[in-house]
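Topology and contacts: notes
If you want the building blocks of each chain, they are given just below.
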Amino acid sequence: MEDSGIPADDVIFQQDNDPKHTSRRAQIWFEEQQDIKLLDWPAQSPDLNPIEHTWGYLQRCLSGYENAPRGIHQLWDRVVVDWIVLRY
């Protein structure tokens, strides 16, 4: 986060309830990192993770093109265009 330029007070860390994230060792580590705020996360709630819905929407946008991309560069150009549409 130091390299991002985002002030530490503005950061809230989001994690899911994967066992490696909720292990005792991970909990102790986060307790020791007093400058890291954690987002409370209900169990079994993948629908609360907005990026999962975003990937699905982006995939639908990309499949809407009449022709398949001619290569990785054209695919990337389409991803960039459709990602910008998603943001606004």
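For the chain, an unreviewed UniProt entry supplies the name Tc1-like transposase DDE domain-containing protein and the organism Paxillus rubicundulus Ve08.2h10.

The next point concerns the overall build of the chain. Helices and strands together make up the secondary structure of the chain, namely four helices and two strands. Scanning the chain from its N terminus toward the C terminus, one meets helices and strands in the order β-α-α-β-α-α. Here the analysis covers contacts within the chain between residues at least 6 apart in sequence; of these, 47% occur between residues at least 24 apart. About 7,700 Å² of surface is accessible on the chain, with carbon and sulfur atoms providing 55% of the total.

We now examine the confidence of the model for the chain. Overall, the predicted model of the chain reaches an average pLDDT of 82, with 88% of residues at or above 70. No element of the chain has a lower mean pLDDT than helix α1 (residues 19-22), which averages 80, and none a higher one than helix α2 (residues 24-32), which averages 89.

Together, F13, W29, I36 and L38 line one region of the surface with nonpolar side chains, adding up to about 340 Å² of accessible area. Residue position: W29 is located in helix α2.

Before going further, it helps to spend a moment on the side chain of D82. If you trace the backbone, D82 turns up in helix α4 (residues 72-87). Here D82 occupies a buried position and makes no salt bridge, while the nearest side chain of opposite charge, R78, is found at 7.1 Å. Side chain to side chain, D82 and Y65 meet in a polar contact 3.3 Å long. The contact partners of D82, leaving out residues within four places of it in the chain, are L58, C61, L62 and Y65.

Okay, the environment of D10 next. Within the element layout of this structure, D10 appears in the segment before β1 (12-13). When its relative accessible area of 56% is taken as the criterion, D10 is described as exposed.

Our next topic: the packing of aromatic side chains. By the definition in use, this model includes three aromatic pairs. Taken together, a centroid distance of 5.3 Å and an interplanar angle of 40° make the contact between F13 and F30 tilted. With a gap of 17 residues between them, F13 in strand β1 and F30 in helix α2 connect regions that are remote in the sequence. The partly exposed category is assigned to F13, whose relative accessible area is 35%. Here a set of aromatic residues connected by ring pairs shows up, and it is made of F13, W29 and F30. Over the face of the ring belonging to Y65 we find R78, whose NZ or CZ atom lies 4.2 Å from the ring centre.

Of note, R78 is situated in helix α4. Once residues within four sequence positions are removed from consideration, R78 is found in contact with L62, Y65, N67, A68 and P69.

Reading guide: rules and limits
Residues numbered from 1 in each chain as written. Predicted model: local features only at pLDDT ≥ 70, side-chain atom pairs only at ≥ 80, totals over all residues. Heavy atoms only, no water. Helix = DSSP H or I, 4+ residues; strand = E, 2+ residues; numbered from the N terminus. Contact = heavy atoms within 4.5 Å. Areas by Shrake-Rupley, 256 points an atom, 1.4 Å probe, with all protein chains shown as cover. pLDDT = per-residue confidence, 0-100. Patch = residues over 30% accessible without salt bridge, like charges linked within 9 Å, V, L, I, M, F, W, Y side chains within 5 Å. Salt bridge = Lys/Arg side-chain N within 4 Å of Asp/Glu carboxyl O. Buried < 20%, exposed > 50% of the residue type's maximum accessible area, 1.4 Å probe, protein only. Lys, Arg positive; Asp, Glu negative; His and termini not counted. Polar contact = N/O pair within 3.5 Å; in protein donor to acceptor, adjacent residues only side chain to side chain. Phe/Tyr/Trp six-rings, centres within 6.5 Å; stacked < 30°, edge-to-face > 60°. Lys NZ or Arg CZ within 6 Å of the ring centre and 35° of its normal.

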